[in-house]
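# Coordinate analysis (summary)
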Amino acid sequence: MDQRWEDAVFLHWRIPAAAAATRMPPGVRADVIDGSAWAGLVGFRMHRIRLGATVPLPWLGSFPEINVRLYSREQDGTRGVVFLSLDAPRLAVVLGARAAGIPYVWSRCRAVVEDEADPGFGYDVERRRGRTGTSFAVRPDRAAAADDELSLGLTARFGLHSRFAGRTVHVPVSHEPWPLHPAATTHLEDGLLAAAGLDVHGPPESVLFSPGVRTRIGRPRTVRSS
């Protein structure tokens, strides 16, 4: 699949590596960056979805996705994302992804642009039946680049690790490096991290924004355990 991910907001908290290790699928371990594991709350708009590079899927449209994630590493050093939840408003996407073992949740989601003169970007999620949700927004410093080792380590993830049909798989994701800007949180009221079983406190240590990248999702491969 070929698609664009736009107006990406990355919020990250440090968590103990032992807490992340219990959520890893067999064959991968929790990735440690700057001395700790990390939990991420990430929102972006999915846009221009295609099968391959040529067949558009216009009925899916452009829609926001908000995910809760951890970070993983294989024995050979291949790094990835382990999703604990992904909220999206498109039922067809949710059902298809869940059939592939990816923990999507059908929710009411919207992207928010605050103050057109000095825009901030954020996302609101309301899970159905009032179970939980999130609301967050950031204001990026577009004059500055976030190219430090920590920012790149948290965002330069070219694949995901998941369980499917009793095996661990790696799904490659190809894209140019994220154009990253440091950002300040303007508001944050979150219930998704706790719903995913993560215990975080205080404001996020890393707050980043990207206008987006074009991505291509490849064929999965099985991860071999030792």
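These numbers were taken from a predicted model, which means no experiment stands behind them. Along each chain, residues carry numbers from 1 onward, in the same order as the chain's sequence is written. With the structure being a predicted model, the display of local features is reserved for residues of pLDDT at least 70 and the display and counting of side-chain atom pairs for 80 or more, all residues being used for whole-chain, interface and lining totals. Derived side-chain values reflect all non-hydrogen atoms in the structure, with water molecules and hydrogen atoms excluded from consideration.

Here we come to the pattern of salt bridges. Think of a salt bridge as a Lys or Arg side-chain nitrogen and an Asp or Glu carboxyl oxygen that are within 4 Å of each other. Tallied over the entire structure, the rule returns eleven salt bridges. Note that aspartate 31 and arginine 73 form a salt bridge whose closest N and O atoms lie 3.0 Å from each other. Of this pair, aspartate 31 sits in the loop between strand 2 (28–30) and strand 3 (37–51) while arginine 73 sits in strand 5 (residues 63–74), and the two are 42 residues apart along the sequence. Here arginine 73 falls in the partly exposed class, since its relative accessible area comes to 23%. For aspartate 87, the salt bridge is made with arginine 127, and the minimal N-O distance between the two is 2.8 Å. Within this pair, whereas aspartate 87 is found in strand 6 (residues 79–88), its partner arginine 127 is found in strand 8 (residues 120–127), the two being separated by 40 residues in sequence. Under the DSSP-based scheme used, a helix requires at least four consecutive residues in state H or I and a strand at least two consecutive residues in state E, with every element numbered from the N terminus. Only protein chains enter the accessibility calculation, which uses a 1.4 Å probe; a residue is then buried when its area is under 20% of its type maximum, exposed when over 50%, and partly exposed in between.

Pairing of aromatic rings covers Phe, Tyr and the six-membered ring of Trp, with a centre-to-centre limit of 6.5 Å; geometry is then stacked below 30 degrees between planes, edge-to-face above 60, and tilted otherwise. Taken as a whole, this structure holds five aromatic pairs when the rule is applied. With centroids separated by 5.2 Å and ring planes inclined at 85 degrees, the aromatic side chains of phenylalanine 10 and tryptophan 178 adopt a geometry described as edge-to-face. Of this pair, phenylalanine 10 sits in strand 1 (residues 2–15) while tryptophan 178 sits in the loop between strand 11 (167–175) and strand 12 (181–190), placing them 168 residues apart in sequence. Judged by its relative accessible area of 11%, tryptophan 178 is buried. Seen in terms of ring centroids, phenylalanine 121 and phenylalanine 209 are 4.7 Å apart; in terms of plane orientation they differ by 20 degrees. Their pairing is stacked. Of the two residues, phenylalanine 121 is situated in strand 8 and phenylalanine 209 in strand 13 (residues 206–217); the sequence distance between them amounts to 88 residues. Considered together, phenylalanine 121 and phenylalanine 209 belong to a single accessibility category, that of buried residues. Ring pairing ties together the aromatic residues Trp5, Phe10, Phe44 and Trp178, which thus form one cluster. In this arrangement the basic side chain of arginine 128 is found over the ring face of tryptophan 106, its NZ or CZ atom lying 3.7 Å from the centre. Charge-over-ring placement is defined geometrically: NZ (Lys) or CZ (Arg) within 6 Å of the ring centre, and within 35 degrees of the ring normal.

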